[in-house]
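Close look at the chain arrangement
So you can see what is in the structure, the chains are spelled out below.
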Amino acid sequence: SEIQDPTNGNSALTIDSSGRVAMPNVPAFGARGLSNTQSNSGNSGTNEILKFSNVLYNVGSHYNSSTGVFTCPLAGSYFFIFNGLYEANYNNQGAVYIRLNGSGSSTTGEKYRGYHHGSGSNYLQVTVGGVIVAAVNDTVDMFTAIAGWHIGNETSFSGYFIG
């Protein structure tokens, strides 16, 4: 069975004979690898949006790798997750934030926070994720208060529309 959009006849939803549902145009993105200003192997800026340059997929093109911002095309619930490799020799502690309609170089709009507390020359893995209820054209980004997030593909950000 198939449901098509009324304008173009594109497949919007299909259900196969086993009952599996496919929705090929659900807004979703996945990106990794930071393009922020770098020092050694980490980002060197503080109080900035993290920008992920290696876009793995971007259904609907709602993630902008130049700005690091995802713009919500539909009102509803979205799930976002950040996974970052942190170089502890930059700072002993600090946070990264998933922001909704973030503003400037502050944590305004914070919805979820990932935090690390460590020292020395160790690498730390920080993960933060959660559901955000958004309106059309709301924006979501990853904001860091500290320098030192690994610029390689070990640091990633992704999200998708739930409904």
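Refer to the structure printed above.
This one's a predicted model, so the numbers in the text were calculated from it and none came from an experiment.

Examining the pattern of salt bridges
- Under the definition given, this model contains 3 salt bridges.
- Ionic pairing is found between Asp16 and Arg20, a salt bridge with its closest N-O pair at 2.7 Å.
- On the basis of relative accessible area, Arg20 is assigned to the exposed category, the value being 56%.
- The salt bridge involving Glu110 is made with Arg113; its shortest N-O contact spans 2.9 Å.

Comments concerning the environment of Ile15
- Residue placement: Ile15 occurs in strand S2 (residues 11-15).
- Residue contacts for Ile15: discarding those within four places in its chain leaves Ser1, Arg20 and Val21.

Some details on the sheet that holds strand S1 (residues 2-4)
- Judged by pairing direction, the sheet is antiparallel, and its 3 strands sit side by side in the order S1-S2-S3 without closing on themselves. In the strand order of this sheet, the two ends are held by S1 and strand S3 (21-22), each with one partner.
- Bridge count between S2 and S3: 2 bridges; the pairing is antiparallel. Each residue of the ladder has a partner; that of Thr14, found in S3, is Ala22.

Some words on the nonpolar core
- Of all hydrophobic cores here, the largest spans 26 residues; its most connected members are Phe52, Phe80, Met142 and Trp149.
- Secondary-structure elements contributing two or more residues to this core are strand S4 (28-34), strand S11 (76-87), strand S12 (93-100), strand S14 (123-134), strand S15 (139-144) and strand S16 (156-161).
- Beyond its immediate chain neighbours, meaning those up to four positions away, Met142 contacts Glu48, Ile49, Leu50, Phe52, Phe82, Val96, Tyr97, Ile98, Val128 and Phe157.

Considerations on the side chain of Glu87
- Take Glu87: it is sitting in strand S11.
- Although Glu87 lies buried, it forms no salt bridge, and the closest oppositely charged side chain, Arg32, sits 16 Å away as judged by the N-O distance.
- Those residues within four positions of Glu87 in sequence are excluded, and the remaining contacts are Ser41, Gly42, Asn122, Tyr123, Gly148 and His150.

So, a nonpolar patch on the surface
- Together, Val131, Val133, Tyr160 and Ile162 make up a nonpolar patch on the protein surface, roughly 380 Å² of accessible area in all.
- Looking at the secondary structure, you find Val131 in strand S14.
- The exposure class assigned to Val131 is partly exposed, which follows from its relative accessible area of 41%.

Structural notes on the pairing of S12
- Judged by how many residues are buried, S12 sits mostly within the fold: 7 of 8 residues are covered.
- Bridge count for S12 against strand S13 (residues 110-117) is 7 bridges, and the pairing is antiparallel. The residue bridging Ala95 from the neighbouring strand is Tyr115, located in S13.
- Relative to S15, S12 runs antiparallel, the two sharing 5 bridges. Bridge assignment links Val96 to a residue of S15, and that residue is Thr144.

With respect to the packing of aromatic side chains
- Tallied over the entire structure, the rule returns 16 aromatic pairs.
- Taking 6.1 Å as the distance between ring centres and 25° as the angle between the ring planes, the aromatic pair formed by Phe80 and Phe157 counts as stacked. Taken as a pair, Phe80 in strand S11 and Phe157 in strand S16 lie far apart in primary sequence, 77 residues in all. For the pair Phe80 and Phe157, one class covers both residues: buried.
- Aromatic rings pair up to connect Phe29, Phe52, Tyr63, Phe70, Tyr78, Phe80, Phe82, Tyr86, Trp149, Phe157 and Phe161 into one cluster.

About the criteria used
- Residues numbered from 1 in each chain as written.
- Predicted model: local features only at pLDDT ≥ 70, side-chain atom pairs only at ≥ 80, totals over all residues.
- Heavy atoms only, no water.
- Salt bridge = Lys/Arg side-chain N within 4 Å of Asp/Glu carboxyl O.
- Buried < 20%, exposed > 50% of the residue type's maximum accessible area, 1.4 Å probe, protein only.
- Helix = DSSP H or I, 4+ residues; strand = E, 2+ residues; numbered from the N terminus.
- Contact = heavy atoms within 4.5 Å.
- Pairing = 2+ DSSP bridges.
- Core = buried A, V, L, I, M, F, W, Y, C linked by side-chain atoms within 4.5 Å.
- Lys, Arg positive; Asp, Glu negative; His and termini not counted.
- Patch = residues over 30% accessible without salt bridge, like charges linked within 9 Å, V, L, I, M, F, W, Y side chains within 5 Å.
- Areas by Shrake-Rupley, 256 points an atom, 1.4 Å probe, with all protein chains shown as cover.
- Phe/Tyr/Trp six-rings, centres within 6.5 Å; stacked < 30°, edge-to-face > 60°.

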